Amino acid sequence: MHNHKNGSFTNSLGFVLACVGSAVGLGNIWMFPYRLGEYGGAAFLIPYIFFICLFGFVGLSAEFAIGRKAGTGTLGSYELCWKEKKKEKVGKVLGWIPLLGSLGIAIGYSVIIGWVLRFLCGSVTNTVLEQDSAEYFADVTAFMGNVPWHVLVIAITVIVLLIGAATQIEKANKILMPLFFVLFSILAVRVFFLPGAKEGYEFLFVPKWEALANIDTWVMAMGQAFFSLSITGSGMIVYGSYLSKKEDIPRASMQTAFFDTIAAMLSALAIMPAVFAFGIEPSAGPSLMFVTIPNIFKQMPMGRLFAVIFFLSVCFAGITSLINMFEAVIESWQHKFKLKRNHAVLLCGALTLIVGLFMEEEARVGTWMDFITIIVVPFGAVLGAISIYYILGFDKIKEELKEGRKKGLSKIFKPTAKYIYVPLTIIVFILGLVYKGIG
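The structure displayed is predicted, hence computed values, not measured ones.

Enquirer: Can you break down the overall build of the protein chain residue by residue, with the values?
Expert: From N to C terminus, the protein chain includes 19 helices and zero strands. Rg of the C-alpha trace for the protein chain: 21 Å, near the compact-globule value of 22 Å for 439 residues, within the 12% margin. Along the first, second and third principal axes, the C-alpha atoms of the protein chain reach 60 × 50 × 40 Å. Considering only contacts in the protein chain between residues 6 or more positions apart, those separated by 24 or more positions represent 85%. As displayed, the protein chain has an accessible area near 16,600 Å², and 68% of this comes from carbon and sulfur atoms. Averaging the coordinates of the 36 positive side-chain charges in the protein chain and doing the same for the 28 negative ones gives two points 13 Å apart.

Enquirer: Which residues make up the layout of surface pockets, and what values do they have?
Expert: Size it by volume and the largest pocket reaches roughly 940 Å³. The dominant element in the lining of the largest pocket, judged by the number of residues it contributes, is helix 18 (residues 362-402), at eight residues. Residues that form the lining of the largest pocket fall into these classes: 21 nonpolar, 17 polar and four charged.

Enquirer: I'd love a proper account of the pattern of salt bridges, names of residues and values included.
Expert: Here the structure, examined in full by the defined rule, presents nine salt bridges. Linked by salt bridges that have partners in common, Arg68, Lys245 and Glu400 make up one network.

Enquirer: Describe helix 17 (residues 341-357), with residues and values.
Expert: Residues lying three or four places apart along an α-helix face the same way, a consequence of the helix completing one turn every 3.6 residues. Taking 1.5 Å as the rise per residue, helix 17 with 17 residues should run 24 Å; its terminal C-alpha atoms sit 24 Å apart, in good agreement. What helix 17 keeps buried is the set Arg341, Ala344, Val345, Cys348, Gly349, Thr352, Gly356 and Leu357. Against the buried residues of helix 17 lie helix 6 (96-124), helix 9 (147-163) and helix 16 (303-337).

Enquirer: Go over the packing of aromatic side chains with me, naming the residues and quoting the values.
Expert: Under the counting rule described, the total for this entry stands at 38 aromatic pairs. On the numbers, 5.6 Å between centres and 85° between planes, the contact of Phe9 with Tyr239 is edge-to-face. Here the residue Phe9 occupies a position in the segment before helix 1 (12-23), and Tyr239 occupies one in helix 13 (residues 235-241), the gap between them amounting to 230 residues. The same class applies to Phe9 and to Tyr239, which are both buried. Seen in terms of ring centroids, Phe32 and Tyr48 are 5.0 Å apart; in terms of plane orientation they differ by 50°. Their pairing is tilted. Remark: Tyr48 occurs in helix 3 (residues 42-70) and Phe32 occurs in helix 2 (residues 26-38); sequence separation between them is 16 residues. Of note, Arg118 hangs over the ring of Tyr136, and the distance from its end group to the ring centre comes to 5.9 Å.

Enquirer: Give me the lowdown on the packing of helix 3 against helix 18, citing residues and values where you can.
Expert: Where helix 3 contacts helix 18, the two axes come as close as 10 Å, and the packing angle between them is 80°. Relative to helix 18, the element helix 3 is oriented roughly perpendicular. From helix 3, Val58, Ser61, Ala62, Glu63, Ala65, Ile66, Arg68 and Lys69 reach across to helix 18, where they touch Ile388, Tyr389, Leu392, Lys396, Ile397, Glu399, Glu400 and Leu401. Residue composition of the contact of helix 3 with helix 18, by class: nine nonpolar, one polar and six charged.

Enquirer: Kindly report on helix 15 (residues 286-299), identifying the contributing residues and their values.
Expert: Over its 14 residues, helix 15 runs 20 Å from end to end, which matches the ideal 20 Å to within 8%, given 1.5 Å per residue. Thr292 marks the point of greatest bend in helix 15, at about 30°, and the proline Pro294 comes within the next four residues. Leu288, Met289, Phe290, Val291, Thr292, Ile293, Pro294, Ile296 and Phe297 are the residues of helix 15 that are buried.

Enquirer: Which residues make up empty space enclosed by the protein, and what values do they have?
Expert: In this approach, a probe sized like a water molecule rolls over the atoms, and the result shows the empty space that is left. Applying the stated criterion across every chain yields a total of one cavity of 30 Å³ or more. Computed from the structure, the largest cavity encloses a volume of approximately 60 Å³. For the largest cavity, the full set of lining residues is Leu187, Val191, Ala270, Ile271, Ala274, Ile293, Ile296, Phe297, Met300 and Phe310. Mapped by element, the contributors of at least two residues to the lining of the largest cavity are helix 10 (166-192), helix 14 (249-277) and helix 15. Here the residues of the lining of the largest cavity sort into 10 nonpolar, no polar and no charged.

Enquirer: Account for the environment of Lys87, with residues named and values stated.
Expert: Structurally, the position occupied by Lys87 is in the loop between helix 4 (74-83) and helix 5 (88-94). By relative accessible area, which is 44% here, Lys87 ends up partly exposed.

Enquirer: Describe the environment of Ile249, listing the residues and the values that go with them.
Expert: Summarising the element assignment, Ile249 is placed in helix 14. Taking the C-alpha atoms as reference points, Ile249 and Leu161, 88 residues apart in sequence, are found 24 Å from one another. Not counting chain neighbours up to four residues away, the residues in contact with Ile249 comprise Ser61, Phe64, Ala65, Arg68, Leu243, Glu400 and Leu401.

Enquirer: Help me get a handle on the packing of helix 10 against helix 14, residues and values and all.
Expert: Close contact between helix 10 and helix 14 brings their axes to 8 Å; oriented N to C, the two are set at 30°. Pair helix 10 / helix 14 crosses with left-handed handedness. On the side of helix 10, the interface is formed by Phe180, Phe181, Phe184, Ser185, Leu187, Ala188 and Val191, while helix 14 contributes Phe259, Ile262, Ala263, Leu266, Ser267, Leu269, Ala270, Pro273 and Ala274. When its residues are assigned to classes, the contact of helix 10 with helix 14 shows 14 nonpolar, two polar and no charged.

Enquirer: Residues and numbers for the side chain of Thr292, please.
Expert: Turning to its location among the elements, Thr292 is positioned in helix 15. Leaving out residues up to four positions away in the same chain, Thr292 has contacts with Val275, Ile280, Ser283 and Ser287.

Enquirer: Which residues make up a positive patch on the surface, and what values go with them?
Expert: On the surface, Lys5, Lys89, Lys92, Lys336 and Lys338 cluster together into a patch of positive charge. For Lys89, the position within the fold is in helix 5. Since its relative accessible area comes to 71%, Lys89 is described here as exposed.

Enquirer: An account of the nonpolar core is needed here, citing residue identities and associated values.
Expert: Judged by nonpolar contacts, the single largest core of 159 residues is most densely connected at Phe55, Phe290, Phe310 and Tyr389. For this core, the element with the most residues is helix 16, which contributes 18 residues. The residues touching Phe55, leaving out its near neighbours within four places in the chain, are Leu60, Met222, Ala225, Phe226, Leu229, Ile231, Tyr421 and Leu424.

Definitions and limits used
Every chain's residues receive numbers from 1 upward, in the order its sequence appears when written. With the structure being a predicted model, the display of local features is reserved for residues of pLDDT at least 70 and the display and counting of side-chain atom pairs for 80 or more, all residues being used for whole-chain, interface and lining totals. No hydrogens and no water enter the side-chain calculation; it runs on all heavy atoms of the structure. The helix and strand labels rest on DSSP assignments: H or I over at least four residues marks a helix, E over at least two residues marks a strand, and numbering proceeds from the N terminus. Only the C-alpha atoms count toward the radius of gyration. The rule for a globule is 2.2 Å times the residue count to the power 0.38. Between two residues, a contact is recorded if the distance between any of their heavy atoms is within 4.5 Å. Residue exposure ignores everything except the shown protein chains as possible cover, and the areas themselves are Shrake-Rupley values with a 1.4 Å probe. The sign given to each residue is positive for Lys and Arg and negative for Asp and Glu; His and the chain ends receive no count. In plain terms, the charge of a residue is placed at NZ if it is Lys, CZ if Arg, CG if Asp and CD if Glu. Using only the protein atoms, space was sampled on a 1 Å grid; points where a 1.4 Å probe fits but cannot get out form cavities, open sets with protein on both sides within 12 Å along at least five of seven lines form pockets, and lining residues are those with an atom within 4 Å of a point. Grid points are joined across faces, edges and corners, and a volume is the space filled by probe spheres set on the points. Classification used: nonpolar for Ala, Val, Leu, Ile, Met, Phe, Trp, Tyr, Cys and Pro, charged for Asp, Glu, Lys and Arg, polar for all others including Gly. In what follows, salt bridge is the name for a side-chain nitrogen of Lys or Arg lying within 4 Å of a carboxyl oxygen of Asp or Glu. Helix span is expected to be 1.5 Å times the residue number reduced by one. Partly exposed describes any residue whose relative accessible area lies between the buried limit of under 20% and the exposed limit of over 50%, with all areas from a 1.4 Å probe on protein chains only and scaled to the type maximum. The aromatic pairing rule takes the rings of Phe, Tyr and Trp, using the six-membered ring of Trp, and pairs them if the centres are within 6.5 Å, calling planes under 30 degrees apart stacked, those over 60 edge-to-face and the rest tilted. As a reminder, the over-ring test applies to NZ of lysine and CZ of arginine, requiring each to be within 6 Å of the ring centre and within 35 degrees of the ring normal. Helix axes use the C-alpha atoms of the stretch in contact, all axes being lines fitted to C-alpha atoms, and the angles between their N-to-C directions lie in the range 0 to 180 degrees. Angle categories are assigned with fixed cut-offs, so that under 35 degrees is roughly parallel, over 145 is roughly antiparallel, 65 to 115 is roughly perpendicular, and the rest are oblique. What we call the bend at a residue is the angle made by axes fitted to the seven residues finishing there and the seven residues starting there. Should the near helix be turned anticlockwise from the far one by less than a right angle, the crossing is termed left-handed; should it be turned clockwise, right-handed. Patch construction takes residues with relative accessible area above 30% that form no salt bridge. Like charges are linked within 9 Å, and nonpolar side chains (Val, Leu, Ile, Met, Phe, Trp, Tyr) are linked within 5 Å. Note on terminology: a nonpolar core comprises buried Ala, Val, Leu, Ile, Met, Phe, Trp, Tyr and Cys residues joined through side-chain atoms within 4.5 Å.

The values are spatial; any link to function lies outside them.
In C-alpha cells, the structure reads:
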C-alpha cells in the first residue's frame, strides 16, 4: 500500500506525540484535577486508570487501525466498513456525523483557545494580574469581545496545516508537547513549595475509599477517560491513515493513553495544591482556568512569570488538539470532493471562524459545546465502535491490528472489544444525556 498523499508520520514517536497532542486538551486541565479530588482522591484513580487502559487498548487501537486500513480518514473509513455489508451508501452518510463532531468541537475550541491566547498576552503585559480576573474574563467573553485573538488562533492552526500535512503535524507536536510537559512540570514544582499546598495534595491523593461505592465516581471516571483520549470516531482515524504499516498500533495506543494520563496528573499537581494554598474553593470548568488560577498567580511571588508559563502551556495543548480536529475535516474533504489540500485547509479555517464569531459569548459557546460533546461526539464514537467491530467485523480489523506487531494480539482483545468496549460506548452516550455531560 502506498503512503497517503498527505504524507505519513516518520516514526512511532512522532505519531504518538501527535496523538498525545490531540488527546491532551482542556478536559485534562480544567476538569480532571477537580474530579480527581471531588470523586474520591486516589480512589478515583482506580476506575480512571482502568477505563483509560480499556479505551486506549481497544478503542484508540480500532480508530488507528481503520484509518490505516482504509488509507484515508473519517468518510472513507466508514464507507470501507459498511462496504463489507454491501451498504456503502449507509457508510457514506454515517461518516458525516463524527466528522461534524470534529468540526463542531473545532468551532467551539477555537473560541476558547482565543480566550487563552488573550490571557497569555494579558499575563505578559501584566493586565490580567492587575485587574479583577472575573471582570477581565467577562470582558474577554462578551459578544464579539475577542475577535482578533480568535482569528489569530485559527490563523496559526491554518498556517501549520498549509505548510504540510503529516510531517508538519508531527514537527509541531514534537516541539509543543515536550514543552507542555516541561512547563507544567516547572509549575508543579513551584506550587510544591507554597505554604499550605499540603491540603491540595490531601484533596488529590488521600483515598476516600467509600467513593468507590458511589456510582457517580465510576460514571465520571469513565466519561473523563473516554473524552480525554479523543475517541470521537473521527480525529484519531485520520492520524491512523498517516501511519506506516511497520508501526505497532496497540502499543502506540497504550503509549498515547500513558502520556495523556501523565498530562492530566501534571495538571492536577500544578493546579490543586495552589488552589488550597491560597484558600480558594476548588472548581471545574472555565472559571477554574480563567478566574481561579489568575487569582492564585496574583498572590504568588513571581506570579506574572508563572501566569505566562501556565497560559503558554495551555495554548500548546489547545492548538495541538485543534490541529487534529481540523485535519480530520480537511483530509475527508480532500478525499470526498477531490479538493486541493490548501483549498480544504482554507475552507475549514474560514468556516470555523465564521460560525465561531457568533459563539464568542461564554453562554453561547457553552451551549454549543454541550450539544456537540453530549450528543454529536459520543454518538460518533458509538458509530465508530459499531462500524469497526461489528459491521466490518473483528477478523478484518484484526489483520490490521497485527501488522507491525512482533507478537500476536492477546486472546482477551476480541471479547474486550466486542462485548465490553462497544456496549460501554453506548452507555457513555446514554449517561452523557442523563447527567447532562460526563466528559
